There are 2 protein chains.
Amino acid sequence: SSAKSSDPLGDLNTMLKGDMDATNALIIDRLQSSIEVIPKIAGHLIEAGGKRIRPLLTLACTKVFDGDMTKAHMLATTVEYIHSATLLHDDVVDESLERRGKASANQMFGNKPSILVGDFLFARGFELMVETGNMRVLDILSKTSRFITEGEIRQIDIERNLKTTEDDYFAVIESKTAALFAAACEVGPVIAGVEDDIVNNMREYGHNIGMAFQIVDDILDYTAQEDRLGKKVGDDFREGKFTLPIIYALEQADEKELLFWQTTMIEQDVADGDLTTAQMLIEKTGAVGRCVELANKYVEKAKLCLIDLPPSIIRQKLSDVADYIVVRAN
Amino acid sequence: SSAKSSDPLGDLNTMLKGDMDATNALIIDRLQSSIEVIPKIAGHLIEAGGKRIRPLLTLACTKVFDGDMTKAHMLATTVEYIHSATLLHDDVVDESLERRGKASANQMFGNKPSILVGDFLFARGFELMVETGNMRVLDILSKTSRFITEGEIRQIDIERNLKTTEDDYFAVIESKTAALFAAACEVGPVIAGVEDDIVNNMREYGHNIGMAFQIVDDILDYTAQEDRLGKKVGDDFREGKFTLPIIYALEQADEKELLFWQTTMIEQDVADGDLTTAQMLIEKTGAVGRCVELANKYVEKAKLCLIDLPPSIIRQKLSDVADYIVVRAN
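Residues numbered from 1 in each chain as written. Chains lettered and ligands numbered in written order. Predicted model: local features only at pLDDT ≥ 70, side-chain atom pairs only at ≥ 80, totals over all residues. Heavy atoms only, no water.

Chemist: I would appreciate a short explanation of the pattern of salt bridges in the present structure.
Modeler: Side chains that carry opposite charge are capable of pairing whenever their charged atoms lie near each other. Tallied over the entire structure, the rule returns 36 salt bridges over all chains. A:R203 serves as the salt-bridge partner of A:E186, at 2.0 Å between the closest nitrogen and oxygen. Residue A:E186 is found in helix α9 (residues 166–192), and its partner A:R203 is found in helix α10 (residues 196–223); the two are separated by 17 residues along the sequence. The exposure class of A:E186 is buried, given its relative accessible area of 7%. Connected through shared salt-bridge partners, A:R124, A:E127, B:R146 and B:E150 make up one network. (Salt bridge = Lys/Arg side-chain N within 4 Å of Asp/Glu carboxyl O. Helix = DSSP H or I, 4+ residues; strand = E, 2+ residues; numbered from the N terminus. Buried < 20%, exposed > 50% of the residue type's maximum accessible area, 1.4 Å probe, protein only.)

Now the structure itself:
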């Protein structure tokens, strides 16, 4: 077996180039509307790039079972639209200024169009998956969309709440992030018609990399270099989001540190230098290390979900993708 | 044939009581979520009542063809959820203070949960219609949902824009209002399996009463008594929405009146008494009369769509509903 790739997403992109090109074309094509501002706003977000990891997973998880790639292009597009719709609404909800290294859509075009174009993307995604004619896929992605919104709402509850537990956090990220990864990896096997055990394994694979992905994202919000993150470092800190690094740092906090978190995260009294202090405390208390360790556990679980698949280069790359998700954190 | 009823919606509600009860139960039941705030916010809007005219139409348009009423309950619920989702998002977009005679959800619970609970309702509606297992219905309602969002976005373009034409206005209301009425009346015949000509007629019936409904709504925004409207009179005026009464009043405006509309609707310089002036101008220029006349044309078209249906009491009530929609304006 070949050495582990340092860029498995890039490798998958290359291996699935024709399918990824077709998907990217469909993503752009279905933004078209008689309302000019729709492709403009949606395009502003979608063409800013992003890694397109979710549609790529849908393509890979269809290809690996020799499924219908035309349907995979539609489903990959639906998955990207659902994701983009949640980003547009998130950025309104969080009053975010930046996304993917550019001004956010709400910042650039206003809240109204951002909300409504999010709705458009969501509806258009449903239109597209109806075209696949597969009722089970419709069931998966409609339930997933609903579950995502539940996660977003649950997240509001754990803002500025010192009592947020690990379990609260896991419930939020399972719903707001891991669910779409799970669905992205499940719909391909479903349209390929493989047996339920394998479908469930692929869903679990997606779930586990999704959990790892969000934990790493929440680490990066404190540790990343801004130019690589594509948004402001410390957004979660300023928004008072009790993500895992904070939950772990709080567990180890002395009285003075507790007061710091109380002042900044609860009372929103944030002064210059407080983000640096927060970053330092998260390192010092070992919170980052614990988060990485936990993310790695999800990665290992994800890789185990692939062992019943026949060996193939795509299977190997999917396994490498799982590893790569945590590598980002370092 | 019996005398025309003065309350055809009430009559249909009575005739379809079992189905309407089942639908109302489903509407409440499917708001349930592990996130407590969801039924609270969605219930705040949905239990405030509203006329439930759309789900009632779905039930009546299924019953009249002897379709599967269990599926009709699901579709009626989906239609009400899509409608409710758009209301939640509209009220955020318009910063509305009231809805159905109560504080609006955004006012009471904040913008964040209103946006996200709107997303929840939309996704939950899709989940429900997937349960019908009817792909054509999924196609209709996903396209309709997308078309509604296009109408909402188009509406932004005609805010505070003196050049808004009748055609601009028709395009907006077809999309934001008539499309859901059309779909509400189309899905029943589809699940009943009637021939395409009849399905199309029912769709056209819904479209035409939807057009009349919105025109009347836009009249009422200037002419209604506040306690009957359930929201503030003059919202459209304050928000600078170029609805049909304004478009017609502008056509007849002299220079002084043009200046008045320019100052209030474009420059947002609205003083005490300006709403009264606007109401007076709309009456004086005959704009209200022209709007009612046009709404009546849509009503006549709607009634013509029903003539190929076998005579039945439900057919008669659907015809009376069309008339009733304009009666509201008087």
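Chemist: Can you walk me through the confidence of the model for chain A in this structure?
Modeler: When pLDDT drops low, the exact placement of atoms in the prediction is not to be read closely. A residue-level look at chain A finds 96% of positions with pLDDT of 70 or above and a mean pLDDT of 92. Here the complex is predicted with pTM 0.94, and the ipTM for its interfaces comes to 0.93. (pLDDT = per-residue confidence, 0-100.)

Chemist: How should I be thinking about the relation of the copies chain A and chain B in this particular structure?
Modeler: Each of the two chain copies goes to the other by way of a rotation about an axis and a shift along it. Each copy superposes on the other: chain A lies on chain B with an RMSD of 0.0 Å after a rotation of 180 degrees and an axial shift of 0.0 Å. The transformation just described matches what one would write down for a two-fold rotation axis. Taken as a fraction of all interface residues of chain A, those also at the interface in chain B reach 100%, which identifies the copy contact as same-surface. (Least-squares fit on C-alpha atoms with pLDDT ≥ 70 in both. Contact = heavy atoms within 4.5 Å.)

Chemist: Is there a simple way to think about the interface of chain A and chain B in this case?
Modeler: How big an interface is tends to be expressed through the accessible area that disappears when the partners come together. Taken together, the 38 residues of chain A in the interface contact 38 residues of chain B. Between chain A and chain B, the buried area comes to about 3600 Å², and carbon and sulfur atoms account for 74% of it. Of all residues in chain A, the largest losses of buried area upon contact with chain B belong to A:K112, A:L116 and A:I153, amounting jointly to 17% of the total for that side. Taken together, chain A and chain B are joined by ten residue pairs in polar contact (both at pLDDT 80 or more). Every element with two or more residues in the side of chain A that touches chain B is listed here: α3 (37–46), α5 (69–93), α7 (111–130) and α8 (135–157) of chain A. The class makeup of the residues in the side of chain A that touches chain B is 18 nonpolar, eight polar and twelve charged. (Buried area = accessible area lost by both parts, 1.4 Å probe. Polar contact = N/O pair within 3.5 Å; in protein donor to acceptor, adjacent residues only side chain to side chain. Nonpolar A, V, L, I, M, F, W, Y, C, P; charged D, E, K, R; others polar.)

Chemist: Looking at this structure, how should I read a negative patch on the surface?
Modeler: Taken together, the side chains of A:E36, B:D157, B:D167 and B:D168 define an acidic patch exposed on the protein surface. Tracing the backbone through its elements, the reader meets A:E36 in the loop between α2 (17–29) and α3. (Patch = residues over 30% accessible without salt bridge, like charges linked within 9 Å, V, L, I, M, F, W, Y side chains within 5 Å. Areas by Shrake-Rupley, 256 points an atom, 1.4 Å probe, with all protein chains shown as cover. Lys, Arg positive; Asp, Glu negative; His and termini not counted. Charge placed at Lys NZ, Arg CZ, Asp CG, Glu CD.)

Chemist: Teacher, can you tell me more about the nonpolar core here?
Modeler: Soluble globular proteins tend to bury their nonpolar side chains together. If you look at the biggest cluster of nonpolar residues, it comprises 157 residues, and the most contacted ones within it are A:L141, B:L141, B:Y205, B:I215, B:W261 and B:L318. If we skip the residues at most four places from it in the chain, B:L141 touches B:L75, B:T78, B:V79, B:I82, B:F126, B:M129, B:L180, B:A183 and B:V187. Judged by nonpolar contacts, the second largest core, of 69 residues, contains A:M211, A:V216, A:L244 and A:I325. (Core = buried A, V, L, I, M, F, W, Y, C linked by side-chain atoms within 4.5 Å.)

Chemist: Help me understand the side chain of A:T264 in this model?
Modeler: Residue and element names in this part refer to chain A. When you line up the elements, T264 lands in helix α14 (residues 255–266). In terms of polar contacts, T264 uses its side chain to reach the backbone carbonyl oxygen of F260, at 2.8 Å. In contact with T264, other than residues within four places in its own chain, are R160, F237, D269, V270 and D274.

Chemist: Looking at this model, I keep getting lost on helix α9 (residues 166–192) of chain B. Mind explaining?
Modeler: Since the α-helix packs 3.6 residues into each turn, any two residues three or four apart lie on the same face. All names here are of chain B. Spanning 27 residues, α9 covers 37 Å between terminal C-alpha atoms, matching the ideal 39 Å at 1.5 Å per step. At A178, α9 shows its largest bend, some 45 degrees. In terms of burial, α9 is largely enclosed, as 20 of its 27 residues are buried. G193 sits one or two residues past α9 and shows a positive phi near 75 degrees. (Expected span 1.5 Å × (residues − 1). Bend = angle between axes of the 7 residues up to and from the residue.)

Chemist: What is the right way to read the environment of B:G125 from this model?
Modeler: All names here are of chain B. Mapped onto the elements of the fold, G125 is located in helix α7 (residues 111–132). By relative accessible area, which is 0% here, G125 ends up buried. Each C-alpha atom, one on G125 and one on R30, is 8.9 Å from the other, the two residues being 95 residues apart in sequence. Residue contacts for G125: discarding those within four places in its chain leaves T78 and Y81.

Chemist: Hey, could you run me through the packing of helix α4 (residues 53–63) of chain B against helix α5 (residues 69–93) of chain B in this one?
Modeler: All names here are of chain B. At a minimum axis distance of 8 Å, the contact between α4 and α5 shows a crossing angle of 155 degrees. Comparing the axis directions of α4 and α5 gives the class roughly antiparallel. As for the relative orientation of α4 and α5, their crossing is right-handed in sense. On α5, the residues that touch R54, P55, T58, L59, T62 and K63 of α4 are M69, A72, H73, L75, A76, V79, E80 and H83. Considering only residue class, the contact of α4 with α5 consists of seven nonpolar, four polar and three charged. (Axes fitted to C-alpha atoms, helices over the stretch in contact; angles between N-to-C directions. Parallel < 35°, antiparallel > 145°, perpendicular 65-115°, else oblique. Left-handed = near helix turned anticlockwise from the far one by under 90°.)

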